[in-house]
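Here are the chains, one letter per residue:
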Amino acid sequence: QVRLVESGGGLVQSGGSLRLSCAASGRSSTYAMGWFRQPPGQEREFVATISARGDTTYSTDSVQGRFTISRNNAKNTVTLQMNSLKPEDTAVYYCAARPLFGSRRAEEYDYWGQGTQVTVSS
């Protein structure tokens, strides 16, 4: 069992930065982790994922060069550093976990946090 709790969301102006954190409990260090987001009125979408050891990452095209996913297994945390934020990044951001690395499909993740709101004003 893995429990995930996100934090770090808030209101920021366009071009600004936010750092989201996901605190994990249980055997999270053996799981691949992912960040997803759900914009208002839209479906949940993939943002980025990182392998269990933290040596491989993958992110969606729209955030490449702006967002960075990382993890610290000693502290059981996963971080999403978001720079150059745009109004279209406004969404509820979720942390998720699954045993194997490489999926961008929400239905393939086993554990989810409650989400944290990110709002980017223009």
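Everything quoted here is computed from the prediction, not taken from an experiment.

**Student:** Looking at this structure, how should I read the packing of aromatic side chains?
**Tutor:** Here a ring pair, both rings aromatic, is described through the centre-centre distance and the interplanar angle of the planes. Per the stated rule, a full pass over the model turns up seven aromatic pairs. Measuring from ring centre to ring centre gives 5.9 Å for tyrosine 31 and tyrosine 111, while their planes differ by 75°; the resulting arrangement is edge-to-face. With tyrosine 31 in the loop between strand 3 (18–26) and strand 4 (32–38) and tyrosine 111 in strand 10 (residues 111–112), this residue pair connects regions lying 80 residues apart in the sequence. Look at tyrosine 111 and you get buried, because its relative accessible area is 18%. When the centroid spacing of 6.3 Å and the interplanar angle of 80° are considered together, the rings of tyrosine 94 and tryptophan 112 count as edge-to-face. Placement of the pair is tyrosine 94 in strand 9 (residues 91–98) and tryptophan 112 in strand 10, with a sequence separation of 18 residues. Among the residues examined, tryptophan 112 registers a relative accessible area of 27% and is labelled partly exposed. In this structure, arginine 44 packs its charged tip against the face of tryptophan 112, placed 4.6 Å from the ring centre. Just above the ring of tyrosine 109 sits the side chain of arginine 98; from NZ or CZ to the centre is 5.7 Å.

**Student:** It is not clear to me how the environment of leucine 20 should be interpreted in this structure. Could you clarify?
**Tutor:** Examined against the element boundaries, leucine 20 turns out to sit in strand 3. Among residues more than four places away in sequence, those in contact with leucine 20 are Ser7, Gly8, Gly9, Trp35, Val78, Thr79, Leu80, Met82, Tyr93, Thr116 and Val118.

**Student:** Hey, could you run me through the sheet that holds strand 1 (residues 2–7) in this one?
**Tutor:** Two modes of strand pairing occur in sheets, parallel and antiparallel, and in both the strands are linked by backbone hydrogen bonds. The four strands are arranged 1-3-8-7 in an open sheet whose pairing can be described as antiparallel. Strands with a single pairing partner mark the edges of an open sheet, and in this sheet they are strand 1 and strand 7 (67–72). Each adjacent strand pair in this sheet contributes to an overall mean axis angle of 15°, direction not counted. Two strands pair when backbone bridges link them, and strand 7 and strand 8 (residues 77–82) are joined in this way by six bridges, in the antiparallel orientation.

**Student:** What is the right way to read the environment of tryptophan 112 from this model?
**Tutor:** Taking the C-alpha atoms as reference, tryptophan 112 lies 9.6 Å from glutamate 6; in sequence the two are 106 residues apart. Filtering out sequence-adjacent residues up to four positions away, tryptophan 112 remains in contact with Leu4, Phe36, Arg44, Tyr94, Cys95, Ala96 and Ala106. Looking at tryptophan 112, its side chain comes within polar contact range of the main-chain oxygen of tyrosine 109, at 3.4 Å.

**Student:** I keep staring at the pairing of strand 9 and nothing clicks. Help me out?
**Tutor:** Remember that side chains alternate between the two faces of the sheet whenever the strand is regular. With seven of its eight residues buried, strand 9 lies for the most part within the structure. Taken together, the seven bridges between strand 4 and strand 9 define a ladder with antiparallel strand orientation. Residue pairing in the sheet places alanine 32 in a bridge with arginine 98 of strand 9. The pairing of strand 9 with strand 11 (residues 116–121) spans three bridges and is classified as antiparallel. Counted as the bridge partner of valine 92 is glutamine 117 from strand 11. Two elements, strand 9 and strand 10, share two bridges in a ladder whose sense is antiparallel. Residue pairing in the sheet places alanine 97 in a bridge with tyrosine 111 of strand 10.

Basis of the calculations
Residues numbered from 1 in each chain as written. Predicted model: local features only at pLDDT ≥ 70, side-chain atom pairs only at ≥ 80, totals over all residues. Heavy atoms only, no water. Phe/Tyr/Trp six-rings, centres within 6.5 Å; stacked < 30°, edge-to-face > 60°. Helix = DSSP H or I, 4+ residues; strand = E, 2+ residues; numbered from the N terminus. Buried < 20%, exposed > 50% of the residue type's maximum accessible area, 1.4 Å probe, protein only. Lys NZ or Arg CZ within 6 Å of the ring centre and 35° of its normal. Contact = heavy atoms within 4.5 Å. Pairing = 2+ DSSP bridges. Axes fitted to C-alpha atoms, helices over the stretch in contact; angles between N-to-C directions. Polar contact = N/O pair within 3.5 Å; in protein donor to acceptor, adjacent residues only side chain to side chain.

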